[in-house]
Amino acid sequence: MLKTEEKSYLNFINGHWSSSSSNEQLKSINPAVQHEVVGYLQKSTVEDLNQAVAAAKEAKHNWRKLSGNARGNYLYRVADILENRLDEVAESLTREMGKTLPEAKGETARGIAILRYYAGEGLRKIGDVIPSTDSDGLMYTTRTPLGVVGVITPWNFPVAIPLWKMAPALIYGNTVVIKPATEAAVTCAKVMECFAEAGLPEGVVNMVTGQGSVIGQGIAEHPDVDGVTFTGSNQVGKQIGQTCLVRGAKYQLEMGGKNPVIVLEDADLELAVKAIISGGLSSTGQKCTATSRVIVQGTVYDRFKEKLLNEIEKLTVGNGLSKDNWMGPCISQSQLEKILYYIQKGKDEGASLVLGGNQLTDGEHGNGYYVEPTVFENVSNDMTIAQEEIFGPVLALIKVETVEEAIKLANDVEFGLSASIFTTHIQNMLSFIDDIEAGLVRVNAESAGVELQAPFGGMKNSSSHSREQGRAAIEFFTSIKTVFIK
Ligand SMILES: NC(=O)C1=CN([C@@H]2O[C@H](COP(=O)(O)OP(=O)(O)OC[C@H]3O[C@@H](n4cnc5c(N)ncnc54)[C@H](OP(=O)(O)O)[C@@H]3O)[C@@H](O)[C@H]2O)C=CC1
Ligand SMILES: O=C(O)CCC(=O)C(=O)O
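Residues numbered from 1 in each chain as written. Chains lettered and ligands numbered in written order. Predicted model: local features only at pLDDT ≥ 70, side-chain atom pairs only at ≥ 80, totals over all residues. Heavy atoms only, no water.

Let's shift gears to the overall build of the protein chain. Counting its secondary structure elements, the protein chain contains 15 helices and 23 strands. Dimensions of the protein chain along its principal axes, counting C-alpha atoms only, are 70 × 65 × 40 Å. When the 486 residues of the protein chain are sorted by exposure, 59% land in the buried category. Long-range pairs, those at least 24 residues apart, make up 73% of the contacts in the protein chain between residues at least 6 apart in sequence. (Helix = DSSP H or I, 4+ residues; strand = E, 2+ residues; numbered from the N terminus. Buried < 20%, exposed > 50% of the residue type's maximum accessible area, 1.4 Å probe, protein only. Contact = heavy atoms within 4.5 Å.)

Following this line, the structure appears as structure tokens:
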């Protein structure tokens, strides 16, 4: 087992590591071994936040004036440093958030690729020439950064999500103040160490840790924060959106999902089972793109269910640092309670529990927040477990007769993030692609696991209707200037 360290992590403000004016700290613990402290974070105050925003404001002019190439070179440097520290950062991620080490390494590698992708953006076009009706006129568009961008991130992807927000913010010329989720802030602090080592100019990137209701809300309210990008719960996201709207700041919200996978009678059932297990249960189901509803055509329902349960029964649950375990713990006591609440709700509302459903407390499980992979059947779409985001390893099986019925049920939720279908029939694929209400539409592929170079975001209550990642990120992190010269 790897060594335990109990280190205090400071805020990073104006190019320097500093403690909070509160002189108080927050604790980040290992959800696999609750008594293990992964690190201490600053319990920052609004005064600390004000300093970070002032530094970012002061830095924004010179940062914007650098060439995209020069900004890109800083990001390449951060990527190289993170690559050298991949194993250490991934280990911290597993210890702090619970996902297994291979998943944590995959996420860290994805973060490195994100940095390199956006570094390259510094050399790509930022506008178009548009023919003017005036034959002597030159009309074109260019883009300008927002200024200071506030980044508020969740605990479930503590490397990738901060990077897929910070890297585009920076390459397009913004300066950044990030407030990471407290439960995974040590890992984010390690990513910030890579930025510090890369030597970005003072004030360009700043990190302030602390309570969401103080630092997160403080970012949303701050008059010198020009844009806020958020991933997390719907409740907090909506509050941030409203706060930004009132003061005229730009905002971008990525929130929940209730992602369906449809399995039709002509599907490759083995492929579907594999994808549903990976999409629904990896990271202990704690992804906004996680599969949570499995809508299966009646003719193959029994065969599919048997294959699914057989495979899930083989999964091992335990500390993600051990290669013997396929699924780690959930992030916290409150997340565990939330998952158990939904399992109880499923039972109370008449769904049939066919696998799992219990907290694991035997042996080493007694030290952490473990829950069994859980499957319900006889789920109807009006049940709570078919409507609300659980954010845990819980699958709800829903039986249907036709593809039309499947798509109708798939759409009958308030969310629209990711959806997938398993079929070999081209007409079924086309109907699904056309009719499904989701920002990510997947055919014969799992609902989670997006690619960094493609737009990412949801419909309906899953997002504020903008898109992150890929080239799409430029839309949020810049404003268009339409220029006319005569
Ligand atoms: N879409 C997604 O990827 C995610 C969805 N979720 C969903 O949200 C549920 C709750 O998770 P939770 O961690 O509590 O998510 P939150 O939405 O509470 O947290 C996300 C981020 O927002 C911050 N925050 C909390 N309160 C405020 C506030 N009032 N103003 C501004 N920022 C704030 C948090 O800080 P702090 O950590 O200090 O509280 C964190 O950095 C999960 O069960 C899941 O359903 C959660 C995480 C990711
Ligand atoms: O599926 C993924 O890889 C991304 C998931 C995600 O963005 C999230 O859970 O917040």
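Of all hydrophobic cores here, the largest spans 72 residues; its most connected members are Leu 75, Leu 115, Tyr 118, Leu 163, Leu 170, Phe 195 and Leu 200. Not counting residues up to four positions away in its chain, the partners in contact with Tyr 118 are Leu 75, Ala 167, Pro 168, Ile 171, Tyr 172, Gln 469, Gly 470 and Ala 473. If you look at the next biggest cluster of nonpolar residues, it comprises 31 residues, including Ala 351, Phe 376, Val 379 and Ala 419. (Core = buried A, V, L, I, M, F, W, Y, C linked by side-chain atoms within 4.5 Å.)

Around ligand 2 sit 13 residues, and of these Arg 110, Asn 156, Cys 288, Thr 289 and Gly 449 come closest. The side chain of Arg 110 places a nitrogen or oxygen atom 2.9 Å from an oxygen atom of ligand 2. Between ligand 2 and Cys 288 there is a distance of 2.6 Å, counted from an oxygen atom to a backbone nitrogen or oxygen. About the coverage of ligand 2: the protein hides 99% of its 290 Å² of free accessible area. Tallied by class, the residues present in the shell around ligand 2 amount to seven nonpolar, four polar and two charged. Counting the residues that make up the shell around ligand 2, at least three belong to each of domain 1 (7-255 + 463-485) and domain 2 (259-451). (Near = heavy atom within 4 Å. Polar contact = N/O pair within 3.5 Å; in protein donor to acceptor, adjacent residues only side chain to side chain. Areas by Shrake-Rupley, 256 points an atom, 1.4 Å probe, with all protein chains shown as cover. Nonpolar A, V, L, I, M, F, W, Y, C, P; charged D, E, K, R; others polar. Domains from an automatic or database assignment.)

Under the defined criterion, the tally for this structure stands at 24 salt bridges. Two residues, Glu 121 and Arg 471, come together in a salt bridge whose shortest N-O distance is 2.6 Å. Here Arg 471 lies in the loop between strand E22 (459-460) and helix H15 (473-477) and Glu 121 lies in helix H4 (residues 101-121), a separation of 350 residues in the sequence. Measuring nitrogen to oxygen at the nearest pair gives 2.5 Å for the salt bridge that ties Lys 125 to Asp 128. (Salt bridge = Lys/Arg side-chain N within 4 Å of Asp/Glu carboxyl O.)

Residues at a pLDDT of 70 or more form 99% of the protein chain, whose mean pLDDT is 97. Scoring of the predicted complex yields 0.98 for pTM and 0.97 for ipTM. (pLDDT = per-residue confidence, 0-100.)

Across a regular strand the side chains alternate sides, sitting on one face of the sheet and then on the other. By the alternation rule, side chains of strand E4 (residues 25-30) split into Leu 26, Ser 28 and Asn 30, which are all buried, and Gln 25, Lys 27 and Ile 29, of which none is buried. Strand direction decides the pairing type here: E4 and strand E5 (residues 33-42), joined by six bridges, are antiparallel. Residue Ser 28 lies in a different strand from E5, and its bridge partner there is Gly 39. What sits between E4 and E5 in their antiparallel hairpin is a turn of two residues. (Pairing = 2+ DSSP bridges.)

In this section: the site of ligand 1. The local shell around ligand 1 holds 28 residues, among which Thr 153, Trp 155, Thr 182, Ser 233 and Lys 338 are the closest. Asn 156 places a polar side-chain atom, nitrogen or oxygen, 3.4 Å from an oxygen atom of ligand 1. For ligand 1, whose free accessible area comes to 860 Å², the fraction covered by protein is 85%. Sorting the residues of the shell around ligand 1 by element identifies helix H7 (212-221), strand E10 (227-231), helix H8 (234-247) and helix H11 (333-348) as the ones contributing at least two each. Here the shell around ligand 1 gets four residues from one element, more than from any other, and that element is H7. Grouping the amino acids of the shell around ligand 1 by side-chain chemistry returns 11 nonpolar, 14 polar and three charged. The residue makeup of the shell around ligand 1 includes at least three contributed by each of domain 1 (7-255 + 463-485) and domain 2 (259-451).

As enumerated under the stated definition, the model contains seven aromatic pairs in all. Their ring planes at 45° and their centres at 5.6 Å tell us that Trp 63 and Tyr 74 sit as a pair that is tilted. Within this pair, whereas Trp 63 is found in helix H1 (residues 46-65), its partner Tyr 74 is found in helix H2 (residues 68-84), the two being separated by 11 residues in sequence. Here the basic side chain of Lys 99 rests over the ring of Phe 157, its NZ or CZ set 3.8 Å away from the ring centre. Above the face of the Tyr 117 ring, Arg 124 is positioned so that its terminal group lies 5.6 Å from the ring centre. (Phe/Tyr/Trp six-rings, centres within 6.5 Å; stacked < 30°, edge-to-face > 60°. Lys NZ or Arg CZ within 6 Å of the ring centre and 35° of its normal.)

Our next topic: the side chain of Gln 286. If you trace the backbone, Gln 286 turns up in the loop between helix H9 (269-281) and strand E13 (291-297). Once residues within four sequence positions are removed from consideration, Gln 286 is found in contact with Met 97, Trp 155, Asn 156, Pro 329, Cys 330, Ile 331, Gln 335 and Phe 391.

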